[in-house]
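Residue-level listing of the chains:
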Amino acid sequence: MFYTTDRNEHGLPHDPFKAIVSPRPIGWISTRARDGSVNLAPYSFFNAVSDSPKLVMFSSAGMKDSASIAVETGEFVANLATESLARQLNRTSADAPRGVSEFGIAGLTEAPCRLVAAPRVAESPAALECRVTESFHPKGIDGAPSHYFMVIGEVVAVHVDEAILKDGMIDTALARPLSRLGYLDYAVTAEVFQMRRPRTPDASDV
Ligand SMILES: Cc1cc2nc3c(=O)[nH]c(=O)nc-3n(C[C@H](O)[C@H](O)[C@H](O)COP(=O)(O)O)c2cc1C
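Reading guide: rules and limits
Residues numbered from 1 in each chain as written. Predicted model: local features only at pLDDT ≥ 70, side-chain atom pairs only at ≥ 80, totals over all residues. Helix = DSSP H or I, 4+ residues; strand = E, 2+ residues; numbered from the N terminus. Rg over C-alpha atoms; globule rule 2.2 N^0.38 Å. Buried ≥ 20, exposed ≤ 12 C-beta atoms within 10 Å, placed from the backbone. Contact = placed C-beta atoms within 7 Å. Near = placed C-beta within 6 Å. Nonpolar A, V, L, I, M, F, W, Y, C, P; charged D, E, K, R; others polar.

(A) Here's a closer look at the overall build of the protein chain. Each helix and strand counted, the protein chain has 5 helices and 14 strands in total. The C-alpha atoms of the protein chain give a radius of gyration of 18 Å, which matches the 17 Å a tight globule of 206 residues would have. When each of the 206 residues of the protein chain is scored for burial, the buried share is 28%. A fraction of 59% describes how many contacts in the protein chain between residues 6 or more apart in sequence connect residues 24 or more apart.

In structure tokens:
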């Protein structure tokens, strides 16, 4: 099948776009508003966009609490979402009013960060403390801004639970990160394999 997105007439029961751009890592974004209240929500429009400096982004469909607090305070934390935390993560996506902590709703524990005021999720095996570098509405080809609002932050500190380290490296099969597919689907990364990049175009060394 083929379709163009100006009409988006795919003829399927549901738009397949997000199932194609998948699996997507989930940034479990915690923030602390100026009044001290805490917020936590999952974002699968989330990814790393640079590793020098280390930059991650999340993108909010409209100005949700995570984006507005991150912009107001200049800070957020991206916690690693894992299989064992899936149900709690889902609970933090509930539409709670600003000021109501999703840590409480999901029965999660706040752990202090070192360089930012927002707490991290104590139960999560890794967290990135971030300072906002840019935020904007991404544009379409017609130049019109999307209603999505993208927040980019520089990772200024990293927490890793040593329980997910093996031989000094993060063992993804131990961490079992959760990712988002299309529709209501999720995946867990439980199996990993290695490939070395070819050093020459003829690929005789791989
Ligand atoms: C796994 C998952 C991924 C999500 N990804 C996004 C996303 O990328 N962008 C978005 O705007 N909402 C996303 N949502 C919905 C938000 O988490 C939800 O609207 C939440 O209430 C926003 O909370 P906040 O207003 O406290 O930021 C996602 C929900 C789930 C369960």
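Still more ground to cover, so stick around.
(B) Structural detail: helix α2 (residues 65–73). Within the sequence span of α2, burial applies to D65, S66, A67, I69 and A70. The inward-facing, buried residues of α2 abut β2 (27–32), β3 (38–43), β5 (54–61), β6 (75–80), β9 (126–136) and β10 (148–160). Immediately beyond the C-terminal end of α2, within one or two residues, lies G74, with a positive phi of roughly 75°.

(C) Structural detail: the environment of S101. With respect to the helices, strands and loops of the structure, S101 is situated in the loop between α3 (86–91) and α4 (102–106). Distance from S101 to S37, taken between C-alpha atoms, is 7.0 Å for residues 64 residues apart in sequence. Apart from residues lying up to four places away in sequence, S101 is in contact with S37, V38 and N39.

(D) Spotlight on the site of the ligand. Taken together, 17 residues surround the ligand, and among them A41, F45, K64, D65 and S66 come closest. Among the elements that make up the shell around the ligand, the one with the highest residue count is β3 (4 residues). Class assignment for the residues of the shell around the ligand results in 6 nonpolar, 7 polar and 4 charged.

(E) Representation of the environment of A48 within the structure. Looking at the element boundaries, A48 is found in strand β4 (residues 46–51). Given 14 C-beta atoms within a 10 Å radius, A48 is considered partly exposed. Those residues in contact with A48 that lie beyond four places of it in its chain are L55 and V56.

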